[in-house]
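Examination of the molecular architecture
Spelled out, the chains give:
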Amino acid sequence: HRRINHVAVFTLPKAMSGFYEANIDYITKHAVDPDKKRYVDSLEGFRHYFDADHYGKRPFMKVPVRWKDAVKKYSIDSLNKYGTVPWEIQYQYYRLVNAFKKHDTTAILKISANLGHYIADAHVPLHLTQNYDGQLTRQQGIHALWESRLPELFSDRYNYYVGKARYIESPLNEAFKICRASFRCVDSTLRLERVIEKSFPPDKKWELVKRNGKKINDYSVAYAKAYHTALKGMVARRMRAAILEVGSYWYSAWVDAGQPDLNRLIGKPLSISERRSIRREAILYRSGKTVALNKH
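Our subject in this report is the structure included herewith.

The next subject is the overall build of the protein. Counting secondary structure elements, the protein contains 15 helices and two strands. In terms of C-alpha radius of gyration, the protein reaches 20 Å, essentially the compact-globule figure of 19 Å for 296 residues. Each principal axis of the C-alpha atoms in the protein carries an extent, and together these give about 60 × 50 × 35 Å. Across the 296 residues that make up the protein, the buried fraction comes to 52%.

Glancing now at the environment of K204. In this structure, K204 sits in the loop between α12 (186-199) and β1 (206-211). Along the backbone, K204 and A222 are 18 residues apart, and their C-alpha atoms lie at a distance of 7.6 Å.

If a strand is regular, its side chains alternate between the two faces of the sheet. Bridge count between β1 and strand β2 (residues 214-219): six bridges; the pairing is antiparallel. When the bridges of β2 are listed, E207 appears paired with D218. Counted between consecutive antiparallel strands, the loop separating β1 from β2 contains two residues, among which N212 sits at a positive phi close to 55°.

In this section: helix α14 (residues 234-256). An ideal rise of 1.5 Å per residue puts 33 Å on 23 residues; α14 measures up with 32 Å between its terminal C-alpha atoms. Of all 23 residues in α14, 17 are buried; the element is thus mostly enclosed. Just beyond α14, the residue with positive phi is G258, at close to 95°.

Evaluation of the coordinates by the stated rule reveals 18 salt bridges. When the shortest N-O distance is used, the salt bridge between D187 and R191 registers 3.2 Å. In this pair, D187 and R191 are both assigned in helix α12, four residues apart and thus about one turn of the helix distant. On the accessibility criterion, R191 (37% relative accessible area) is partly exposed. Three or more residues joined by partner-sharing salt bridges are found here, namely K37, D41, E44, R47 and E88.

This part takes up the packing of aromatic side chains. Summed over the entire model, instances satisfying the criterion amount to 21 aromatic pairs. Judged by centre distance (6.4 Å) and plane angle (75°), the ring pair of Y55 and Y82 falls under edge-to-face. Note that Y55 is positioned in the loop between α4 (33-37) and α5 (59-62) and Y82 in the loop between α7 (76-81) and α8 (85-101), a separation of 27 residues in sequence. Its relative accessible area of 5% is what places Y55 among the buried residues. An aromatic cluster is defined as three or more aromatic residues linked by ring pairs; in this entry it consists of F50, Y55, F60, W67, Y74, Y82, W87, F176 and F183.

The first and last C-alpha atoms of α12 sit 21 Å apart over 14 residues, in line with the 20 Å expected at 1.5 Å per residue. In this fold, the buried residues of α12 make contact with α10 (142-154), α11 (171-183), β2, α13 (221-230) and α14.

Following both chains from N to C, one finds helix α9 (residues 105-122) and α14 inclined at 140°, their axes separated by 9 Å at the closest point. Handedness of the crossing formed by α9 with α14: right-handed. Residues S112, L115, G116, I119 and A120 of α9 touch α14, and the partners they reach there are A242, E245, V246, Y249 and W250. The residue inventory of the contact of α9 with α14, partitioned by class, reads seven nonpolar, two polar and one charged.

Now for the state of the cysteines. Taken as a whole, this structure holds zero disulfides when the rule is applied. You can see C179 has no disulfide; the closest cysteine sulfur is in C185, sitting 12 Å from it.

Turning next to the environment of E21. Structurally, E21 is set in helix α2 (residues 14-22). Judged by relative accessible area, E21 falls into the buried class, the value being 8%. For the pair E21 and L96, spaced 75 residues apart in the sequence, the C-alpha separation amounts to 17 Å. Those residues in contact with E21 that lie beyond four places of it in its chain are V9, F10, L270, I278 and R279.

Reading the values: the criteria
- Residues numbered from 1 in each chain as written.
- Predicted model: local features only at pLDDT ≥ 70, side-chain atom pairs only at ≥ 80, totals over all residues.
- Heavy atoms only, no water.
- Helix = DSSP H or I, 4+ residues; strand = E, 2+ residues; numbered from the N terminus.
- Rg over C-alpha atoms; globule rule 2.2 N^0.38 Å.
- Buried < 20%, exposed > 50% of the residue type's maximum accessible area, 1.4 Å probe, protein only.
- Pairing = 2+ DSSP bridges.
- Expected span 1.5 Å × (residues − 1).
- Salt bridge = Lys/Arg side-chain N within 4 Å of Asp/Glu carboxyl O.
- Phe/Tyr/Trp six-rings, centres within 6.5 Å; stacked < 30°, edge-to-face > 60°.
- Contact = heavy atoms within 4.5 Å.
- Axes fitted to C-alpha atoms, helices over the stretch in contact; angles between N-to-C directions.
- Left-handed = near helix turned anticlockwise from the far one by under 90°.
- Nonpolar A, V, L, I, M, F, W, Y, C, P; charged D, E, K, R; others polar.
- Disulfide = S-S within 2.5 Å.

Structure (structure tokens):
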């Protein structure tokens, strides 16, 4: 989440980039806030996923796109139970439009970070299925493997250049488009891990990994590499798609708000050294190389 929000800043046009670059540390750091909120807000969890397969083999032919129509067909309780991420993306989008209109710097930053999180979640195939952690197929742990372990080990090698943010005509339709694309990846995400698990020596699947000063049992580098190879670039493709979508949603909200002058909202301009660091990151982004998440 942090890397996606961070790199998305470099997709923005000049009229927006100064403001977002000046606040890039906030946008990056607070990308994980919605996950933290899940521990204190019982209503937060269902905003992160959409169990499309609950609605049958062709769910996107059955589920109404408009919230009111979906509520009429399934009820709010049922929709909440099986996830509302596409509608949450739409909701956060219009909150961002209003924040831009009000020139509310704090709200712009907070909502931008949150919106980026939900968009990124919608790009993860395992957020589109009831079998979100492989618990229905004896593949417990696959969620963290796909979403955390693989990026941790291999994301530094990805090419993150996705060009410039584009205008999104319909935020809700775009959110469903994202979900459809992720849902198409669910079968291979689960099936390929089962194949790897069957062909891998059991004693080589796990290893002790040091994290936050503690040693924990996690998927081995060899196992993660085998799965990553089998996925044939899926994780990188979904991350790249998420970066472009996050930047595009921010950009579109700004356009829909009337393109306010964001330079006037910069509370603390970057220092000379910080500007140089940002410029280096922008050059790295355009060259397709890794953009570090260091503070400026």
